[in-house]
Amino acid sequence: MGGLPDFDEVTPARCGELADRFGSPLYVYDGSTLVRSLRELTGVLHPAMEVFYSLKANPNISVLSLLAAHGARAEVSSLVELRTALAAGVAPADVIFLGPGKKPDELRACLDAGIYAVVAESFAELSELDALAAATGRRVRVLVRVNPAETAQGARLAMGGKPRQFGIDEAQLLAAGDLPGRHRHLDFAGVHGYLGTRILDHTTAVANTVQVLALAERLAEATGIGIDAVDVGGGLGIAYFDKETDLDLDALRAGMYEAVEPFHRRHPHTRLLFEAGRFLAGRAGVYVTRVRYVKESMGQRFAVTDGGTHHHMAAVGVGSFVKRNFPVVALSNPDAPATGPWQLTGPLCTPNDLIAKDVALPDLAPGDLVGIARSGAYGPSASPVLFLSHGHPAEVLVHEGTAYLVRDRDEPADLLRQQHLHHFPATVPATA
């Protein structure tokens, strides 16, 4: 079975120590892997490009703090994510805010914080931003998100090139005319394009970059939008399933330089943004859960654990994932040979609470720990943590030998605190 090959300092034995100390289930993040992933990405991008960490992948404030300490900027999509980025030490000039349905308080917070840019996703949002800027007497820098006419062919989940709530259609923008002239309180700094996510083919990532850079130049000429900044999206994936392989970083490095350098020579002062969430955080996390019971049902072996899909919905194939297993590690006996398939389930009252199906593992017994690897992105934040009122798991970050509790486990009192109990008088049914 082996250990945790993605991790630089957390071993299966260390996961056992952490589970004994902090309880289970829990998420464990390897800080060295976070930093290494950021350095890998920085090393393959053109030197003019800046990495913006997408908090939606893992919004833990200490995860971001570590990445920010090593040069990551921040891409946020909610008021809490904005406050998280600023509290974690990211400079406002290194923060962008995007999302198709921003609320008025979020837009005002962007102005108050003085972030680098708001990514506008519709003509209506541009008008709202313009009115807000006029009312407050402050100019607002915007990037206009474009929904390209063509989609990313190699993306596991296409974000553009189809009818989407994201961005403004390329054809609509090209026909829009003088946008700065109609929105005189906005500074149109440039263009944002995000074509797809979970990209494992370097040629797709390079082609996306070429496409967005070309779009930026066409739109600037047609609409008066500037080229002070271009966000080429990102969407780099990691391999989760059998027959998937991680990106060829050497090929990506060569392709990205070739794609960006001509544009950079034409526009040497343009700020080039590259978003990354899953690539930075995904490999750095493991979901640690403890076996409660083992049983056999109609010829299949089940290990019922104290964790489940309420903490790790991605593991059951939601959204961009198909129903295949994430990498699974028998943490209590990682070197023992597999004895056959197991159904790894959680405590929820639904047959869909299946963390791993027909996964090859050694014999399991109550008390054994099992880890779902490559789980640092889209874990509890993208899962129904309140189902059956189990709540959020603990999260621990290990960095340079020290284990930091970076999120408390939800306790029953935490879950009840935000509810309001009203006592209602009993009613007696009327007699006939």
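Throughout what follows, the structure given in this document is the object of discussion. Just so it is clear, the structure is predicted and the values come from calculations on it, not from any experiment.

Turning to the pattern of salt bridges, a few remarks are in order. Under the definition given, this model contains 24 salt bridges. The salt bridge involving Arg 218 is made with Glu 170; its shortest N-O contact spans 2.7 Å. With Arg 218 in helix α9 (residues 202-223) and Glu 170 in helix α7 (residues 170-174), the pair connects residues that are 48 residues apart, well separated along the chain. Of the charged contacts, one joins Glu 217 and Arg 266 as a salt bridge, the two residues approaching to 2.9 Å between their closest N and O atoms. Note that Glu 217 is positioned in helix α9 and Arg 266 in helix α10 (residues 249-266), a separation of 49 residues in sequence. The exposure class of Glu 217 is partly exposed, given its relative accessible area of 24%. Relative accessible area serves as the criterion here: at 49%, Arg 266 is assigned to the partly exposed category. Here the salt bridges share partners, and the residues they tie into one network are Asp 8, Arg 36, Glu 40 and Arg 283.

This paragraph deals with the packing of helix α4 (residues 79-87) against helix α5 (residues 104-113). Between α4 and α5, the shortest axis-to-axis distance is 9 Å and the interhelical angle comes to 20 degrees. Accordingly, the angle class assigned to the pair α4 and α5 is roughly parallel. As for the relative orientation of α4 and α5, their crossing is left-handed in sense. In this structure, α4 contributes Leu 79, Leu 82 and Leu 86 to the contact, and α5 contributes Asp 105, Glu 106, Ala 109, Cys 110 and Ala 113. For the contact of α4 with α5, a count of residues per class yields six nonpolar, no polar and two charged.

Let us look at α9. Taking 1.5 Å of rise per residue, the 22 residues of α9 would be expected to cover 32 Å, and the 31 Å separating its terminal C-alpha atoms lies within 8% of that figure. Phi turns positive one or two residues past the end of α9, at Gly 224, with a value near 85 degrees.

Next up on the list: the side chain of Asn 147. Its location among the elements puts Asn 147 in strand β6 (residues 140-147). Judged by relative accessible area, Asn 147 falls into the buried class, the value being 4%. Looking at Asn 147, its side chain comes within polar contact range of the side chain of Asp 169, at 3.0 Å.

This brings us to the environment of Ala 403. Among the structural elements, Ala 403 can be located in strand β20 (residues 402-407). Here Ala 403 falls in the buried class, since its relative accessible area comes to 11%. When the C-alpha positions of Ala 403 and Pro 104 are compared, they lie 39 Å apart, and in sequence the two are 299 residues distant. Beyond its immediate chain neighbours, meaning those up to four positions away, Ala 403 contacts Arg 14, Leu 18, Arg 21, Phe 22, Val 396, Leu 397 and Val 398.

We now examine the pairing of β20. Sheet topology places strand β19 (residues 394-399) next to β20; five bridges connect them, and they run antiparallel. Residue Val 396 lies in a different strand from β20, and its bridge partner there is Leu 405. Counted along the chain from β19 to the antiparallel partner β20, the turn is two residues long, and its residue Glu 400 has a positive phi close to 50 degrees.

What follows is about the nonpolar core. Most often, soluble globular proteins have nonpolar side chains that are buried together. Counting residues in each nonpolar core, the largest one holds 101 residues, and the members touching the most others are Leu 41, Tyr 53, Leu 82 and Val 230. Ranked by the residues each element gives to this core, the list is headed by α9, at eight residues. Setting aside its immediate chain neighbours within four residues, Leu 82 contacts Val 76, Val 95, Phe 97, Ala 109, Cys 110 and Ile 115. By size, the runner-up hydrophobic cluster in this structure holds 19 residues, among which are Cys 15, Val 288, Val 329 and Val 398.

With that out of the way, let us pick up the packing of aromatic side chains. Summed over all chains, the structure comprises five aromatic pairs. Above the plane of the ring of Tyr 116 lies Arg 271, whose end atom (NZ or CZ) is 4.5 Å from the centre. Sitting over the ring of Phe 279, Arg 283 keeps its end group 4.8 Å from the ring centre.

Attention now goes to unusual backbone geometry. For the bond from Ser 24 to Pro 25, the omega torsion is -5 degrees, close enough to zero to count as cis. With respect to the helices and strands, the residue Pro 25 is situated in the loop between α1 (12-22) and β1 (26-30). Of note in the backbone geometry, Leu 388 takes a positive phi value of approximately 60 degrees without being a glycine. The residue Leu 388 is located in the loop between β18 (369-372) and β19 in this model. In this structure, Glu 400 takes a positive phi of about 50 degrees despite not being glycine.

Attention now moves to the side chain of Lys 102. Along the polypeptide, Lys 102 turns up in the loop between β4 (95-97) and α5. Since its relative accessible area comes to 11%, Lys 102 is described here as buried. A polar atom in the side chain of Lys 102 sits 2.7 Å from the backbone oxygen of Gly 99. A polar contact is formed between the side chain of Lys 102 and the backbone oxygen of Val 119, at a distance of 2.6 Å.

Scoring rules and cut-offs
Residues numbered from 1 in each chain as written. Predicted model: local features only at pLDDT ≥ 70, side-chain atom pairs only at ≥ 80, totals over all residues. Heavy atoms only, no water. Salt bridge = Lys/Arg side-chain N within 4 Å of Asp/Glu carboxyl O. Helix = DSSP H or I, 4+ residues; strand = E, 2+ residues; numbered from the N terminus. Buried < 20%, exposed > 50% of the residue type's maximum accessible area, 1.4 Å probe, protein only. Axes fitted to C-alpha atoms, helices over the stretch in contact; angles between N-to-C directions. Parallel < 35°, antiparallel > 145°, perpendicular 65-115°, else oblique. Left-handed = near helix turned anticlockwise from the far one by under 90°. Contact = heavy atoms within 4.5 Å. Nonpolar A, V, L, I, M, F, W, Y, C, P; charged D, E, K, R; others polar. Expected span 1.5 Å × (residues − 1). Polar contact = N/O pair within 3.5 Å; in protein donor to acceptor, adjacent residues only side chain to side chain. Pairing = 2+ DSSP bridges. Core = buried A, V, L, I, M, F, W, Y, C linked by side-chain atoms within 4.5 Å. Phe/Tyr/Trp six-rings, centres within 6.5 Å; stacked < 30°, edge-to-face > 60°. Lys NZ or Arg CZ within 6 Å of the ring centre and 35° of its normal.

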